[in-house]
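Listed below, chain by chain, are the residues.
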Amino acid sequence: MITLVADIIQAEALGTLGATLAGGATYWMPEQASEVAPKIDWLFEFINVICYIFFGAILILTVGFSIAYRRRKRVHQDKSATHHTALEVTWTIVPLLIVIVMFYMGMTGYMYLDTVPENAYEVRVNGQVWSWTFQHPNGAVEGNQVTLPMDRPVQFIMTSSDVLHAVFIPAFRVKNDVVPGRYRTLWFTATKPGEYQLMCAEYCGKGHSDMLARVFVLPEEEFQIEIARLAQEYMDLPTEALGYYAADKLYPRCASCHTVNGDPGTGPSFKGLWERTQAGEQKFTNGATLSQLQKQGDGFYDPAMGGVQNYLRESILYPQKLINEGYGPVMPSFKGQLKERQVDALIMMIRELETYFEPDGSFKPQPENTTPAEGAAGTEEATTPKQDGGSPEA
Amino acid sequence: MTTIPVPPSQPVTPELARDNYLTYTRGIWSWLFTLDHKRIGVMYLCGVLSMFFVGGIFALLVRTQLLTPEGAVFNDNANYNRAFTLHGAIMVFLVIIPSVPAALGNFVLPIMLGAKDVAFPRLNLFSFWLWMAGAVFFILVLVNVDGGLDTGWTFYTPYSTTDGMAFGGVLWAVIGVFILGFSSIFTGMNFIVTIHRLRPPGMTWFRMPLFLWALYATALIQVLATPVLGITVALLFMERLFGMGFFNPALGGDPVLYQHFFWFYSHPAVYIMILPAMGIISELISVHSHKHIFGYRFIAFSSIAIAVFGFLVWGHHMFTSGQSQLINVIFSAITFSVSIPSAIKVFNWLATLYRGSISLNTPMLYALGFIVIFAIGGLTGLHLGTLATDIHLHDTYFVVAHFHYVMMGSALIAMIGGMHHWWPKMTGRMYNENWGRFGFALVFIGFNVTFFTQFALGSQGMPRRYATYNGMVLTDLYHLYHVISTIGSYILALGFFVTAGYLLHSIFAGKRAPDNPWGGRSLEWQCTSPPPHDNFKEAPTVGDCYDYSVLEWDESQQGYKWREDIERPGNPHVSGKDGHA
Amino acid sequence: MTQVPMEHDHHEAGLHGHDVHDAHHDHPKELGHHWDNLNQQFEAGKLGMWLFLATEILLFGGLFCGYAIWRGNHPDIFAYGSQFLSVKWGAINTCVLLLSSMTMAMGVTMAQRGNKPGLIICLVLTLLGAFGFLGIKYVEYSHKFHEGLLPGIAFYEKPSDSHIWVEIEEQAGDQQETSIATDVAESKEEAELQMARADLPVMPAAEATTNEPAAIGPSGLNQSRVVQEEETYRVFYKEGRIAAQEDQAAMAEYAEHPEEAMRELEKHPLQDPDRPPNAQKFFTIYFLMTGLHGIHVVVGVIVILWLIYLTFRGRFSPHYYTPVDCGGLYWHVVDLIWIFLFPLFYLI
């Protein structure tokens, strides 16, 4: 921590002189990773300099007067002027001129930030409590992380499924609220490959501080390869690898509410969920229990007829239909956010939780020997046992 | 609340023992149902300070939680959310808004004006009771009725109106806010009518102390802005309870409309907090440097200008919320215009210090501290008013630091300074000056350590209202800043405990206060300490309230008194000196 | 407006009792200890009242703003909604309120003249006007409630005869090819199951939202959680399963007179194909604004009752009638707000 302090002192000393540390980080500002960041930082430092001048003057006068004119006699007979119109008009006009300049620079900068260039790379962003979904034009969908090209304008087209959120990427100096019921946009051109932080900046409840995502910026060629891989990622996976895929890539979006080690959360823990569902232990807020429902009707929930899968699938896509007693109707629907194969993957993950997670809840990677080569298709015939009921087709 | 016993054996003046507002009548009911503005002011002060204590506890919980990236206090983020929400809501609605106008204003305004009471004493008592009722609702929320309140003090929709998202305590809280709003409206009405109709002969508008100008501007905002808050929270209530759909996109409503409604009140509310604080500073600076305030009219009109501009800038809270480009640009421009009258005040205060006789006693230290802190708070407002930089800084700790510098470092520090200034008048006792200076030093240092750090924390990207900050790219950096900030908050808390300690001690064991310990010239320093029940037997006649040449030191009283060779006000024949203003 | 005599009434005795601190023995009992004379007090009272009325106007101002924004964005909703309001009753109510305002103004004149019986008659007439207004408002409101013209989400709640709604649901389901048999008694079980299985519920309520993308959000990707809740929870369970089981008797009754019941239902705007999206917004703002106004009328009733009581006690005189004047101002503002509400909702 002491080295960090030293770093900061050094950064401050440099930053105020207009110099920068590696990556453009200063005492005030984080690393610069977008085309607009240096412009914003320049404006910020410009305002800083004006503030330093004014604050320095105010501080010196306050302290100086307090010392120079400290009380010497009980009674003070002062005959100096009680007002001076020319002086007062001066210190009205001068700040006015300064803020007009500041306003103009801020306005032009903002207009630039708010005007999306044509043919930007469009990513559809959806915020919901408490995770992010990013959808690429080629159909690839990423959760809580997004892969983006370098040196090309990127536009986020954003909306929310529930409450207000805000996309904030400090390294790019961009932010915009995500509002239900309307589209909002955000654009930037990343200039450096690397990993950057995206966070939710509009308070959205219990998981607000967990609503984070990573932005991966790749040079164009690498990006093209990666985005093609992402589009096919789970389609090409052999079925036995799907559970690992779900645990690694999909579960982080569930993790803000559902634990895998039995700890309480906003939603029921996944630990033992399969067994509870088989036994029909769930009690719902409408008074029904799952065991009742299992015996009713045409066996939609009957474990012998794939009812467990039916229940879990329904809970992911229509979470408001049956709400477990003791929990709020908080879960957003993942219909449209997850493909059928991803839902299958999640159900597989829940069924054999111990295979994919350590007891403390951390991810257990797939053993090396069974790791499929990237893009290896054709192993999909291998069906897992117990999948008797079959996952329902939409 | 008990009356403070004054031993009849040693009255400072013959009048004191017979008639002062503290001993005029006795018993708790004589306080709770009093119509005396001074007692109502003192009761407000007690209420506000106890709520400040509660809000402060929550502030310390919030700061302590952020000592570690994983959260050092609360296992459940929801509890952290409750804590910061209650901190904000209590501090804004129950502490800062009523602190200066309702507590100090009630006590000082009629005496300064030369009136015997406010225009509507019953309404005044009623608004105090409304404040109490509002506080009860917040206490209900505090004990987690319906799960408590976790929406943030802004109650943003659709989070606050969605069942299953925000806890049901939001319903109770908005009832409380509605009631407190009316308390504030009635206080404002009372002050406006008092200043219009109860000025004694000779008290022209431009002879009024600047504190009264500030209270007048504040009262205008209270009367004109608070009803909109009332209807906003009423709509929120209906929306949550009956699904009215005003702010719900699923029913054709608009969540951003709520923000417009809310900030239409809540931005002017910022000026309800800061304007009277500026008024106090104008008094303190002038009295404690024994020098005529510089540029009286500029200061007076800048208060009115701030009140007027304050109504036109609410959109700067919503630069990233989904307003059109044009509206953002317009709001940014008007926002800058509000910085000008604030700058005028600061320069005028500095000019007042010039060639003064500056006494570095506790109230003056708070006033000087105010100038420094308000300069930082005001100047960082420039970063936020500038559109391009605000996009990056919006909803980060930079904003948190900025409004703490303005609301707490300025408004509350001025309130505490004013409390020290009028403490001898209110209680009839002097506090210990050295302890006072020590307390100020702790508060000033603690405050700056706590909140200056947060500027950098915010510009480095730490968003506000985060219960934890682990697993981020810059977690280590944020951790360091949070630790420094938390340490600062402990120093600040210690400063407040020291202050509370010596002030309480002074009530029971402080030296008797002279009528005019500082050499103030406005009318409250011409009645006894504490003032008599009726303030003035006859409406006094008034001169220039910043002309200190009429006072001289009285060794026997250890205070100031009128020069023998100049006639006192209260006498219809005013001395010729007081003619100009 | 009026001049109050400056001289005090020295013969008014009973100086004690009103307050503990009356140092001035020439104070009339109505005069607060901190005032110089009755005129000053009267002027201050009026100024205070005007300020209070300004806050009242601003309180309504928020709602008028909401009205302007909504109407500007969706004129069709307001054109559609206003046809459900009765201009006749609205006009009668306007007249009643205007007349009561007149009697109130006459009352103030009576008070100035010291005409106690006249004042009481005027106040009682005003009170009758207030009750008349509230009575007519009650008739209008209950009519709306009966027809299901309710504010907010309640607009999409079915009227109490839920058995009929199950029917409508099933027919709607038919159209969407979920193969629900037409026979009520035998197909009910099956229909429920089909509905429970269907990905998108088929319901008038759901139709109100799913057919209108604007109401849900920009794309199917982001269905609002609230809408979902409406669609799935309420629709599937409350209406589809539980209500149908509980309403066996009602179902039987429906089976006897199906046409009558259906005819009644078709009158509901939910069945109206020409209904603009989010038609409930009109009723939301209508109930909020007239409701808030109604609350003010109720407060006015209390104020007038209190004035009548004070008049009987002989508290008013040509020298002191501030409460009557202020009460009158309040009543005129309540009247004034209605003068704006009537054309905004009923006429344009």
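Bear in mind that the values here come from a model prediction, so they are computed numbers and not experimental data.

Let us now look at the overall build of chain A. Looking only at helices and strands, one finds ten helices and ten strands in chain A. Across chain A, the fraction of contacts at a sequence separation of at least 24, relative to all contacts at a separation of at least 6, is 63%.

Turning to the interface of chain B and chain A, a few remarks are in order. At the interface, 105 residues of chain B touch 91 residues of chain A. Approximately 8,300 Å² of surface area, both sides summed, lies buried where chain B meets chain A, with 67% of it carried by carbon and sulfur atoms. Among the salt bridges present, the one from aspartate 76 of chain B reaches lysine 206 of chain A, with a minimum N-O distance of 3.7 Å. Taken together, chain B and chain A are joined by 29 residue pairs in polar contact (both at pLDDT 80 or more). Within the side of chain B that touches chain A, the residues separate by chemical class into 56 nonpolar, 37 polar and twelve charged.

Counted according to the given criterion, the structure contains 14 salt bridges over all chains. The partner of arginine 152 of chain A in a salt bridge is glutamate 220 of chain A, with the nearest N and O atoms 3.0 Å apart. In this pair, arginine 152 of chain A is assigned in the loop between β4 (145–149) and β5 (153–160) and glutamate 220 of chain A in helix α4 (residues 220–236), connecting sequence segments 68 residues apart. Of the residues examined, glutamate 220 of chain A reaches a relative accessible area of 25% and is grouped as partly exposed. Residue lysine 38 of chain B pairs with aspartate 36 of chain B through a salt bridge whose shortest N-O separation is 3.1 Å. Like aspartate 36 of chain B, lysine 38 of chain B is buried.

This part covers a nonpolar patch on the surface. Residues and elements named next belong to chain A. A contiguous nonpolar patch, built from Val89, Ile93, Leu96, Leu97 and Ile100 and spanning about 400 Å² of accessible area, is present on the exposed surface. As for its placement among the helices and strands, isoleucine 93 is situated in helix α3 (residues 85–114). Relative accessible area serves as the criterion here: at 40%, isoleucine 93 is assigned to the partly exposed category.

It is worth spelling out the packing of helix α12 (residues 280–312) of chain C against helix α13 (residues 322–347) of chain C at this point. All names here are of chain C. For the pair α12 and α13, the least separation of the axes is 10 Å and the interaxial angle reads 160°. In this view, α12 runs roughly antiparallel relative to α13, as classed from their interaxial angle. Note that α12 runs across α13; the crossing there is left-handed. Looking at the contact of α12 with α13 residue by residue, the classes come out as 20 nonpolar, five polar and no charged.

Let's shift gears to the nonpolar core. Counting 352 residues, the largest nonpolar core has Phe156 and Phe172 of chain A together with Phe155 of chain B as its most contacted members. It is helix α4 (residues 77–113) of chain B that provides the largest number of residues to this core, a total of 23 residues. When neighbours within four sequence positions are excluded, phenylalanine 155 of chain B is seen to be in contact with Phe93, Leu149, Ser160, Val170, Ala173, Val174, Val177, Leu236, Tyr258 and Phe262 of chain B. Of all hydrophobic cores here, the second largest spans 39 residues; its members include Val260, Tyr301, Val308 and Leu312 of chain A.

What follows covers the sheet that holds strand β7 (residues 174–178) of chain A. All names here are of chain A. Spatial strand order, β4-β10-β9-β6-β7: five strands in an open sheet with mixed pairing. Here the strands that pair on one side only, and so sit at the sheet edges, are β4 and β7. Adjacent strand axes in the sheet meet at a mean angle of 25° when their direction is disregarded. Its contacts with the sheet put α4 on β4 and β10 (212–218), and the angle it makes with β4 is roughly 140°.

Counted under the stated rule, the structure contains zero disulfides over all chains. Summary of cysteine pairing: cysteine 200 of chain A is not part of a disulfide, and the nearest cysteine sulfur, belonging to cysteine 204 of chain A, is at 3.8 Å.

Here the focus is the pairing of strand β6 (residues 165–169) of chain A. Residues and elements named next belong to chain A. Taken across its five residues, β6 has five buried, putting it largely inside the fold. Side chains His165, Val167 and Ile169 project from β6 onto one buried face, and the interleaved Ala166 and Phe168 project onto a second face that is buried too. As paired elements, β6 and β7 share five bridges and run antiparallel to each other. For phenylalanine 168, the partnering residue across the bridge sits in β7 and is lysine 175.

Residue and element names in this part refer to chain A. The buried fraction of β10 is high, at five of seven residues. Of the strand pairs in this sheet, β4 and β10 are connected by five bridges, and their pairing is parallel. Bridge pairing in β10 links proline 149 to leucine 218. Here six bridges tie strand β9 (residues 194–200) to β10, and the two strands are oriented antiparallel to one another. Paired with leucine 198 across the bridge in β10 is alanine 213.

Residues and elements named next belong to chain A. Chain-level statistics for chain A give a pLDDT mean of 81 and a share of 87% at 70 or above. Low pLDDT, under 50, characterises residues 14–20; the predicted model gives this stretch nine contacts beyond four residues in sequence or across chains. Taken as a whole, residues 370–394 scores under 50 in pLDDT and shows 31 contacts with residues more than four places along the chain or in a different chain.

The next point concerns helix α8 (residues 255–288) of chain B. Residue and element names in this part refer to chain B. Relative to the 50 Å expected for 34 residues at 1.5 Å per residue, α8 spans 49 Å between its end C-alpha atoms, a close match to the ideal helical length. Approximately 35° is the largest bend angle found in α8, and it occurs at tryptophan 263. Among the 34 residues in α8, 32 count as buried, and that is most of the element. The N-cap of α8, judged by a side-chain oxygen 2.9 Å from the amide nitrogen of valine 256 a few residues on, is aspartate 254. Directly after α8, the chain includes histidine 290, whose backbone phi takes a positive value near 50°.

This part covers the interface of chain B and chain C. The interface of chain B with chain C comprises 43 residues on the first partner and 44 residues on the second. Interface area, chain B with chain C, both sides summed: about 3,600 Å², of which 70% is carbon and sulfur. Sorting the residues of chain B by area buried against chain C places Arg197, Phe246 and Leu251 of chain B first, and these three jointly supply 17% of that buried surface. In this assembly, chain B and chain C are joined by zero salt bridges. Those elements that provide at least two residues to the side of chain B that touches chain C are α5 (121–142), α6 (169–197), α7 (210–242) and α8 of chain B. Per-element accounting of the side of chain B that touches chain C gives the leading share, nine residues, to α7 of chain B. Classifying every residue of the side of chain B that touches chain C by side-chain character gives 28 nonpolar, eight polar and seven charged.

With that out of the way, let us pick up a positive patch on the surface. Taken together, the side chains of Arg122 of chain B together with Lys29, Arg313 and Arg315 of chain C present a region of like positive charge at the surface. Look at lysine 29 of chain C and you get partly exposed, because its relative accessible area is 35%.

What counts and what doesn't
Residues numbered from 1 in each chain as written. Chains lettered and ligands numbered in written order. Predicted model: local features only at pLDDT ≥ 70, side-chain atom pairs only at ≥ 80, totals over all residues. Heavy atoms only, no water. Helix = DSSP H or I, 4+ residues; strand = E, 2+ residues; numbered from the N terminus. Contact = heavy atoms within 4.5 Å. Buried area = accessible area lost by both parts, 1.4 Å probe. Salt bridge = Lys/Arg side-chain N within 4 Å of Asp/Glu carboxyl O. Polar contact = N/O pair within 3.5 Å; in protein donor to acceptor, adjacent residues only side chain to side chain. Nonpolar A, V, L, I, M, F, W, Y, C, P; charged D, E, K, R; others polar. Buried < 20%, exposed > 50% of the residue type's maximum accessible area, 1.4 Å probe, protein only. Patch = residues over 30% accessible without salt bridge, like charges linked within 9 Å, V, L, I, M, F, W, Y side chains within 5 Å. Areas by Shrake-Rupley, 256 points an atom, 1.4 Å probe, with all protein chains shown as cover. Axes fitted to C-alpha atoms, helices over the stretch in contact; angles between N-to-C directions. Parallel < 35°, antiparallel > 145°, perpendicular 65-115°, else oblique. Left-handed = near helix turned anticlockwise from the far one by under 90°. Core = buried A, V, L, I, M, F, W, Y, C linked by side-chain atoms within 4.5 Å. Pairing = 2+ DSSP bridges. Disulfide = S-S within 2.5 Å. pLDDT = per-residue confidence, 0-100. Expected span 1.5 Å × (residues − 1). Bend = angle between axes of the 7 residues up to and from the residue. Lys, Arg positive; Asp, Glu negative; His and termini not counted. Charge placed at Lys NZ, Arg CZ, Asp CG, Glu CD.

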